[in-house]
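# Coordinates in review
Given next are the chains, with one letter for each unit.
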Amino acid sequence: MLTAWGDGNMDQLLHHLRHLGFTEMESKIMVELARQGSASGYEVAKRLGVSRSNVYATLQRLEQRGFLRCSPGEPAKYSVLKPEEMTRMISDQMRTSLDYVQSSMPKSEPEKPVFFNVEGDKNVFENLSRELAEAQHEIVVDVWREEAELLRNDLQQAEARGVRLLWSCDGGEGMLDQPVPLLGLPMYGTGNGRKFSLVVDRRWCMLGMRGESCATQAVVTEHPVMTGLLLNHFAQELVLYELEQDMGEELESRYGHRYEELSARYWSSPSGEDDKG
């Protein structure tokens, strides 16, 4: 006994059969045979209102693929597999094809990490918000308070998810943050705004500058060298901070405010040219 279908159900069934790789004609013939139980090519062509030559060619093709059975006699009668048999056959064939494609598809070399620039407050903070929302393990933040306030909600949400958050705020206090310039060269960082950097899951990082006197710009990359450099710099800042807290007066008396004497060993001219007028 056949179940009565509406046009909507028929359209959906034909749609899904086509998605499984059957042509329009093949789909209609299989559905028609499922309705009738079995039928000759002539009967199918008459019911569908199409040419017998097209129907016979399609019936033979479906039979060769194993989706139809053909009974002996004159005229030959065709019947379609039961739905569970047909879907199992399709599933097995697709699984075999998927496995083959997965194992045999040529594999290209992995893409090398790239650096790209982001400009403008909107673009920079949209990039940051998107990446912070996907953080799973750790966020390392080295920013000034102005930028920290703008990132507060994103960082709080990450911390609420269990992401480890490591902070360093108000840069510019470390001994190597403002090296002594060589003669004739501008002071490092003058007029360039506030530096900020973030490393997410020790994989993605952003390094940039922002301020009232300069356009907001940043470099974004997943290159392991850059993420490693930023993490090392952050670790050094933490070590220096701990030393300052523990030995502040002693460090200043020995090396001067912000350790100019120690910094000058590496950043001043080796021949003393910085002292020439």
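Use the structure listed above.
Nothing here was measured: the structure is a model prediction, and the numbers come from that model.

What helix H3 (residues 41-48) keeps buried is the set Gly41, Val44 and Ala45. One face of H3 carries all of its buried residues, which in axial projection span an arc of 100°. For H3, the exposed residues set more than 90 degrees away from the buried face come down to Lys46 and Arg47. Check the buried side of H3 and you find it contacts helix H2 (24-36), helix H4 (52-65) and strand E2 (77-80).

It is worth spelling out the pairing of strand E8 (residues 214-221) at this point. It is a general feature of regular strands that their side chains alternate between the two faces of the sheet. Alignment of strand E3 (residues 115-119) against E8, held across five bridges, turns out to be antiparallel. Considered in E8, the bridge of Phe115 is made with Thr221. Hairpin remark: strand E7 (residues 204-211) followed by E8, antiparallel, with two residues in the connecting loop.

The next point concerns the sheet that holds E3. Read across the open sheet, the six strands follow the order E3-E8-E7-E6-E4-E5; overall the sheet is mixed. The two strands at the open ends of the sheet, each matched to only one other strand, are E3 and strand E5 (164-169). Neighbouring strand axes in the sheet, compared pairwise and without regard to direction, differ in orientation by 15° on average. Packed on one face of the sheet, helix H7 (residues 145-160) meets strand E4 (138-143), E5, strand E6 (194-200) and E7 and runs near 170° to E4. Sheet contacts for helix H8 (residues 224-255): E3, E4, E5, E6, E7 and E8; angle to E7, the most-contacted strand, approximately 65°.

So, on to the side chain of Ser40. Inspection of the secondary structure puts Ser40 in the loop between H2 and H3. For Ser40, the contacting residues outside a window of four places in its chain are Pro75, Ala76 and Lys77.

Within the structure shown, the criterion is met by one aromatic pair. Look at Phe22 and Phe67: their rings are 5.0 Å apart centre to centre, the planes differ by 75°, and that puts the pair in the edge-to-face class. Taken together, the residues span a long stretch of sequence, with Phe22 in the loop between helix H1 (7-19) and H2 and Phe67 in the loop between H4 and strand E1 (68-71) at a distance of 45 residues. Neither Phe22 nor Phe67 differs from the other in exposure class; each is buried.

Further remarks concern the pattern of salt bridges. According to the stated counting rule, one finds 19 salt bridges in the structure shown. Across the pair Glu24 and Lys28 runs a salt bridge, and its minimum N-O distance is 3.7 Å. Taken together, the residues span about one helical turn, with Glu24 and Lys28 both in helix H2 at a distance of four residues. Residues Arg61 and Glu26 are paired through a salt bridge, measuring 2.9 Å at the closest nitrogen-oxygen approach. Taken together, the residues Arg61 in helix H4 and Glu26 in helix H2 connect sequence positions 35 residues apart. The class for Arg61 is partly exposed, based on a relative accessible area of 35%.

End to end, H2 covers 19 Å across 13 residues, agreeing with the expected 18 Å (1.5 Å per residue, within 8%). Along H2, the residues that are buried comprise Glu26, Ser27, Ile29, Met30, Val31, Glu32 and Leu33.

Parameters at a glance
- Residues numbered from 1 in each chain as written.
- Predicted model: local features only at pLDDT ≥ 70, side-chain atom pairs only at ≥ 80, totals over all residues.
- Heavy atoms only, no water.
- Buried < 20%, exposed > 50% of the residue type's maximum accessible area, 1.4 Å probe, protein only.
- Helix = DSSP H or I, 4+ residues; strand = E, 2+ residues; numbered from the N terminus.
- Arc of directions from axis to C-beta.
- Contact = heavy atoms within 4.5 Å.
- Pairing = 2+ DSSP bridges.
- Axes fitted to C-alpha atoms, helices over the stretch in contact; angles between N-to-C directions.
- Phe/Tyr/Trp six-rings, centres within 6.5 Å; stacked < 30°, edge-to-face > 60°.
- Salt bridge = Lys/Arg side-chain N within 4 Å of Asp/Glu carboxyl O.
- Expected span 1.5 Å × (residues − 1).

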